[in-house]
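# Structural description and commentary
Chain residues, written in single-letter form:
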Amino acid sequence: MSVATPPDVSPAANRIDLVIGGMTCAACASRIEKKLNRMPGVHATVNYATEKASVAFPDDVTPADLIATVVKAGYTAEVPPPPDEVERGVAPADPLDDLRKRLLVSIALSVPVIALAMVPAWQFTYWQWLSLTLAAPVVVYGGWPMHRAAFVNLRHGAATMDTLVSLGTLAAFGWSVWALFLGVAGTPGMRHQFSLSVSQTDGAASIYLEVAAGVTMFILSGRYFEARAKRRAGDALRALLQMGAKEATVLQNGAEVRLPIDRVVVGHRFVVRPGEKIATDGVVEEGNGTVDVSMLTGESVPVEVVPGDEVAGATVNRSGRLVVRATRVGAETQLAQMAKLVEEAQSGKAPVQRLADQVAGVFVPVVIGLAVGTLGFWLGTGMGSPSFAFAVAVLIIACPCALGLATPTALLVGTNRGAQLGVLIKGPQILENSRQVDTVVLDKTGTVTTGRMSLLEVVVDDTDRDEVLRVAASLESASDHPVARAIVAGAGDPGQLLPVTDFEDLPGLGVRGAVADRPTLVGRSRLLTEAGLEIPTALDEARQAAEAAGRTAVLVGWAGVVRGVFVVADTVRETSARAVAELKALRLVPVLLTGDNEKVARAVAAEVGIDDVIADVLPAEKVQIIKELQAEGRTVAMVGDGVNDAAALAQADLGIAMGSGTDVAIEASDLTLVREDLLAVVDALHLSRGTLRVIKGNLFWAFAYNICALPLAMVGMLNPMIAGAAMALSSVFVVSNSLRLRTFQPARTPS
């Protein structure tokens with residue numbers, strides 16, 4: 001697959017992907033881009049969502065130079081591990097380990113600090129000094145990522161939520177230390193006294209340790225849950241690469257030798273037996289068989305291959321011994337190219353700016369300005385030391401305690417409720433995408449349909465139907481072809497099958513053998529006509545009708561006459577038609593997108609009520625179709641279950657994977673439907689939008705509390721206990737508002 005060359009970089013430029021660390025918002029990615037693009041001949045794009053930089057650079061620039069530039073900007077950069085290490089499952093240290101440790105330490109130390117501050121009965125003689133001892137590690141160790149990010153932002157003249165959190169927690173902690181050591185707050189027996197009155201105070205007897213520790217803990221919890229969801233993007237690539245064969249049976253000097261897949265080179269001839277994965281892309285040189293290519297193309301029926309046909313690595317040989325000559329290995333195989341598609345689609349998806357950061361872009365500079373203005377005003381009036389207290393109060397009251405709970409609690413309750421309904425939501429950024437979806441692209445195999453071949457109809461002429469079915473199922477029971485399994489399953493009780501002798505599998509045609517000593521043929525019409533069997537007119541018409549409807553027709557005959565026709569197809573899920581109707585009721589446009597042939601796709605679409613059908617598409621073309629729909633101004637949700645859908649799921653504005661599908665599809669998606677039920681798509685959209693509404697409400701009230709309290713803090717009339725009670729109340733409100741999602745009921749139109 002070719003990679004587009006940036007317009008300002010020569011085609012000969014080198015390319016590299018760097019893993020970036022230390023970014024806390026989209027502004028960080030923008031700053032790194034600017035730094036890299038200032039280097040002569042360098043063109044870089046940095047994606048905050050995937051934490052990667054894709055860089056094209058000339059020969060006189062080295063990767064070390066690029067890394068040094070990123071480090072100089074205040075971030076970290078490294079070259080990702082080689083693909084063979086990823087394929088072997090060798091992963092770097094979990095980046096969440098450090099964040100998890102900081103969060104656990106902060107929780108363990110912050111809870112007693114908050115409890116002591118809010119429950120006067122527990123405030124023993126020297127409780128304030130214990131609070132200081134417990135809060136110090138939380139502010140310094142737990143809050144270090146925020147403090148460091150604030151410092152980096154300061155160096156670049158920017159202010160984000162990290163700036164406000166850092167300033168607020170350090171101000172609260174610093175003022176508490178001053179009040180304890182230089183004020184009167186350290187006096188034995190000091191208590192937090194509750195009072196609803198509003199009066200000026202110099203703060204010498206007030207400490208804010210619960211604010212410093214609590215805000216740090218809540219913000220860390222939100223960061224942890226967000227980072228855990230974001231990390232899963234890389235799992236899709238690892239899962240995809242691990243689907244390939246690990247070894248190949250290579251022919252060397254007439255002998256079969258097992259070699260690791262990384263030692264197979266172009267030109268090697270290797271053997272593939274029934275049930276084995278094809279080691280790498282190649283051309284069949286010997287043997288006939290059927291290959292299951294559904295993971296790559298979505299084709300529900302295995303493809304018949306003969307000498308001269310191309311086969312793809314990681315697909316499965318269902319029948320027949322094949323000798324294949326390798327034509328593409330390593331990064332050139334279709335599997336590797338598909339992994340590249342997934343990676344590019346994930347990297348190319350624009351990151352959704354978190355609502356809190358959007359508001360903070362204005363809120364943070366305003367609060368800092370108000371704090372400075374407050375200090376200057378009161379100093380100008382000759383207030384003296386209380387002026388500093390008032391300025392610190394502005395920062396403390398603006399510190400977003402409830403904001404730390406706004407997203408995590410709503411997401412936690414929403415995802416738990418979603419799990420009960422068979423919907424798994426991976427992160428807060430997905431919710432905003434769900435709100436704007438207007439087009440739903442549905443994969444066919446395994447999504448709209450079950451992905452399993454079933455016997456739909458048995459047509460006979462003058463012979464007993466049950467007898468025809470029993471004879472055919474007896475002969476097909478010796479085959480492992482999906483169509484054969486469908487006929488055997490349709491016959492019912494395996495104990496009624498007849499004995500079979502002289503069985504022979506004829507790849508691409510069917511099977512022959514003696515059923516109860518009666519020579520019998522089961523397979524395509526070509527097999528039976530070439531054997532001289534007569535096809536009655538009624539049966540031939542039934543065969544033609546089935547094939548015209550995009551279904552598979554299998555004939556059975558003996559004693560010179562075709563006795564029956566079996567119609568086999570991938571069956572539509574029972575709930576698919578209703579789900580499509582409900583999507584239309586939501587004013588969404590359903591589109592059927594499949595790698596299967598046009599006839600099959602049209603038949604399925606007609607059965608479930610879909611008007612727009614796009615068939616015969618390869619995985620790369622699926623991605624292109626999604627891009628074309630997006631270019632038309634549509635916001636696209638993609639529903640799929642196979643490896644062939646993974647790149648399209650990642651490219652879509654909202655990727656929805658059926659839980660019965662492959663791990664690759666699930667990891668590349670934004671939402672996972674645990675139930676094998678397309679109705680869950682409707683539930684997912686309703687729940688996602690409902691959760692987003694709750695998050696928005698939480699954010700609004702979290703900031704509203706700050707905005708209402710700021711004027712009181714600026715005039716020095718905010719009692720610390722009122723501030724503490726108001727902060728606790730805002731947190732309780734946010735949690736209570738989030739808990740409303742527990743009562744969410746799926747909104748479905750009547751069937």
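Residues numbered from 1 in each chain as written. Predicted model: local features only at pLDDT ≥ 70, side-chain atom pairs only at ≥ 80, totals over all residues. Heavy atoms only, no water.

## Observations regarding the overall build of the protein
Our working rule: Helical segments are the DSSP runs of H or I of at least four residues, strand segments are the runs of E of at least two, and each set is numbered from the N terminus. Only protein chains enter the area calculation, which uses a 1.4 Å probe; residues under 20% of their type maximum are buried, those over 50% are exposed, and those in between are partly exposed. We call two residues in contact whenever any of their non-hydrogen atoms come within 4.5 Å of each other. Computed with the Shrake-Rupley method and a 1.4 Å probe, the accessible areas treat only the protein chains shown as cover for residues.
Looking only at helices and strands, the protein features 27 helices and 26 strands. Counting every position in the protein, which comprises 751 residues, the buried fraction comes to 52%. Taking contacts inside the protein between residues at least 6 apart in sequence as the whole, the part at least 24 apart equals 70%. In the structure as shown, the protein presents an accessible area of about 31700 Å², 58% of it carried by carbon and sulfur atoms.

## A few points about the packing of helix 21 (residues 576–585) against helix 26 (residues 679–714)
Using the following cut-off: Angles run from 0 to 180 degrees between N-to-C directions of axes, and those axes are lines fitted to C-alpha atoms, restricted for helices to the stretch in contact. Between 65 and 115 degrees an angle is taken as roughly perpendicular, under 35 as roughly parallel, over 145 as roughly antiparallel, and anywhere else as oblique. Note on residue categories: nonpolar means Ala, Val, Leu, Ile, Met, Phe, Trp, Tyr, Cys or Pro, charged means Asp, Glu, Lys or Arg, and polar means any other residue, Gly included.
Helix 26 packs onto helix 21 with a crossing angle of 30° between their chain directions and a minimal axis gap of 7 Å. With respect to their mutual orientation, helix 21 and helix 26 come out roughly parallel. Here Arg578, Ala579, Glu582 and Leu583 of helix 21 lie close against helix 26, whose contacting residues are Leu679, Val681, Val682 and Leu685. When the residues that make up the contact of helix 21 with helix 26 are grouped by side-chain class, the tally is six nonpolar, no polar and two charged.

## Here we look at the sheet that holds strand 25 (residues 654–658)
To keep it simple, the criterion reads: Two strands qualify as a pair provided DSSP detects at least 2 bridges between them.
The strand order 14-26-25-24-15-22-23 describes an open sheet built from seven strands, whose pairing is mixed. Either end of the sheet is taken by a strand with one partner, and the two such strands are strand 14 (423–425) and strand 23 (612–614). Strand-to-strand twist across the sheet, computed as the mean angle between neighbouring axes with direction ignored, equals 20°. Pairing between strand 15 (residues 439–443) and strand 22 (residues 589–593): five bridges, direction parallel. The residue bridging Val441 from the neighbouring strand is Val591, located in strand 22. Relative to strand 24 (residues 636–640), helix 23 (residues 619–631) is tilted by about 155°, and along the sheet it contacts strand 15, strand 22, strand 23 and strand 24.

## Observations concerning the packing of aromatic side chains
Applicable threshold: Two rings from Phe, Tyr or Trp (for Trp, the six-membered ring) form a pair when their centres sit within 6.5 Å of each other. Planes less than 30 degrees apart are called stacked, planes more than 60 degrees apart edge-to-face, and all others tilted. Here, over-ring charges are defined by two tests on the NZ atom of lysine or the CZ atom of arginine: distance to the ring centre within 6 Å, and angle to the ring normal within 35 degrees.
Counted by the stated rule, this structure contains two aromatic pairs. Ring centres of Trp129 and Phe181 lie 5.2 Å apart, and the angle between their planes is 80°; this geometry places the pair in the edge-to-face category. Within this pair, whereas Trp129 is found in helix 5 (residues 127–142), its partner Phe181 is found in helix 7 (residues 161–181), the two being separated by 52 residues in sequence. For the pair Trp175 and Trp178, a centre-to-centre distance of 4.6 Å together with 25° between the ring planes defines the contact as stacked. Of this pair, Trp175 and Trp178 both sit in helix 7, three residues apart, roughly one helical turn. Classification of Trp178 by relative accessible area gives partly exposed; the value is 32%. Positioned above the aromatic ring of Tyr141, the side-chain terminus of Arg102 is 4.6 Å from the ring centre.

## Quick look at the pattern of salt bridges
We apply this condition: We define a salt bridge as a side-chain nitrogen of Lys or Arg found within 4 Å of a carboxyl oxygen belonging to Asp or Glu.
One pass over the full model with this rule turns up 24 salt bridges. A salt bridge links Glu304 to Arg524; the shortest N-O distance between them is 3.4 Å. Highlighted residues: Glu304 in strand 10 (residues 303–305) and Arg524 in the loop between strand 19 (518–523) and helix 19 (525–530), separated in sequence by 220 residues. A relative accessible area of 32% places Glu304 in the partly exposed class. For Glu547, the salt bridge goes to Arg543, with nearest N and O atoms at 3.1 Å. Of this pair, Glu547 and Arg543 both sit in helix 20 (residues 537–548), separated by four residues, roughly a single helical turn.

## Some details on the confidence of the model for the protein
Just so we agree on the cut-off: Here pLDDT means the predictor's own confidence in every residue, given as a number from 0 to 100.
For the protein, mean pLDDT is 78; residues scoring 70 or higher make up 76% of the total. Here helix 3 (residues 83–87) stands out as the least confident element of the protein, with mean pLDDT 48; helix 5 is the most confident, with 94. Throughout residues 83–90 the model reports pLDDT below 50, and contacts reaching past four residues in sequence, or to other chains, amount to ten contacts. Across residues 345–354 the pLDDT falls below 50, and counting only partners more than four positions away or on other chains, this stretch makes 27 contacts in the model.

## Concerning the side chain of Arg563
Test applied: Positive charges come from Lys and Arg alone, negative charges from Asp and Glu alone, with His and the N- and C-terminal ends not counted. Residues adjacent in sequence count toward polar contacts only when both atoms are side-chain atoms; beyond that, a polar contact is any pair of N or O atoms within 3.5 Å, and within protein one must be able to donate a hydrogen and the other to accept it.
Inspection of the secondary structure assignment puts Arg563 in strand 21 (residues 561–572). Buried charge without a partner: Arg563 forms no salt bridge, and the closest opposite charge is Asp462, 7.4 Å away. One polar contact links the side chain of Arg563 to the main-chain carbonyl oxygen of Trp558, over a distance of 3.3 Å. The residues touching Arg563, leaving out its near neighbours within four places in the chain, are Val459, Val460, Asp461, Thr463, Val468, Leu539, Val556, Gly557 and Trp558.

## Re the UniProt feature "transmembrane region" (unreviewed entry) in the protein
Selection rule: UniProt positions are given in the numbering used here, feature names are shortened, and annotations may be inferred rather than shown by experiment.
Listed under "transmembrane region" (unreviewed entry) in the UniProt record, and renumbered for this structure, are residues 103–120, 126–144, 164–185, 205–225, 359–381, 387–413, 698–715 and 721–739. End C-alpha atoms of residues 103–120 are separated by 27 Å, and the span's content is 89% helix alongside 0% strand. In residues 164–185, helix accounts for 82% and strand for 0%; the two terminal C-alpha atoms are 25 Å from one another.

## So, the pairing of strand 6 (residues 255–260)
In the sheet, strand 5 (residues 247–252) pairs with strand 6 via six bridges, with the strands oriented antiparallel. Across the sheet, Glu247 pairs through a bridge with Pro260, a residue of strand 6. Counted between consecutive antiparallel strands, the loop separating strand 5 from strand 6 contains two residues, among which Asn253 sits at a positive phi close to 55°.

## Here's the deal with the sheet that holds strand 6
Hydrogen bonds along the backbone pair up the strands of a sheet, which may run parallel or antiparallel. Strand order in the open sheet made by the six strands is 6-5-7-13-8-11, with antiparallel pairing throughout. Sheet topology places strand 6 and strand 11 (310–311) at the edges, where each strand pairs with a single neighbour. Pairing of strand 7 (residues 269–272) with strand 13 (residues 322–328), which is carried by four bridges, proceeds in the antiparallel orientation. Bridge pairing links Val271 to Val323 in strand 13.

## Observations regarding unusual backbone geometry
Among all residues except glycine, the phi angle is most often negative; among peptide bonds, the trans geometry is most common. In the Ramachandran plot, Asn253 falls in the positive-phi region, its phi being about 55° despite a non-glycine side chain. Here Asn253 is to be found in the loop between strand 5 and strand 6. Phi angles above zero are rare outside glycine, and Asp616 is one such case at about 55°. With relative accessibility at 47%, the residue Asp616 sits in the partly exposed group.

## Side note on a nonpolar patch on the surface
Threshold: Only residues whose relative accessible area exceeds 30% and that take part in no salt bridge are eligible for patches, with like-charged residues grouped when within 9 Å of each other and nonpolar side chains (Val, Leu, Ile, Met, Phe, Trp, Tyr) grouped when within 5 Å.
Residues Leu104, Ile107 and Val111 make up a contiguous nonpolar surface patch of roughly 260 Å² in combined accessible area. Tracing the backbone through its elements, the reader meets Leu104 in helix 4 (residues 96–118). Overall, the relative accessible area of 53% leaves Leu104 in the exposed class.

## A closer look at the pairing of strand 24
Strand 24 sits mainly inside the fold: five of its five residues count as buried. Pairing geometry for strand 15 and strand 24, over four bridges, is parallel. Bridging from a neighbouring strand, Val440 pairs with Ala637 of strand 24. The pairing of strand 24 with strand 25 spans four bridges and is parallel. Bridge pairing in strand 25 links Gly640 to Ala657.

## Notes on helix 20
As a reminder of what qualifies: To estimate how far a helix should extend, the number of its residues minus one is multiplied by 1.5 Å.
Helix length check: helix 20, at twelve residues, gives a terminal C-alpha distance of 16 Å against a target of 16 Å (1.5 Å per residue), a fit within 8%. The secondary structure elements touched by the buried residues of helix 20 are strand 16 (449–460), helix 19, strand 20 (552–558) and strand 21. Of the residues flanking the end of helix 20, it is Gly550, one or two places downstream, whose phi is positive at about 80°.

## Remarks on the environment of Asp480
Here Asp480 is to be found in the loop between helix 17 (465–476) and helix 18 (482–491). Remark: the alpha-carbon pair of Asp480 and Arg318, spanning 162 residues in sequence, is separated by 7.3 Å. Discounting chain neighbours no more than four positions away, the residues touching Asp480 are Arg318, Ser319 and Arg485.

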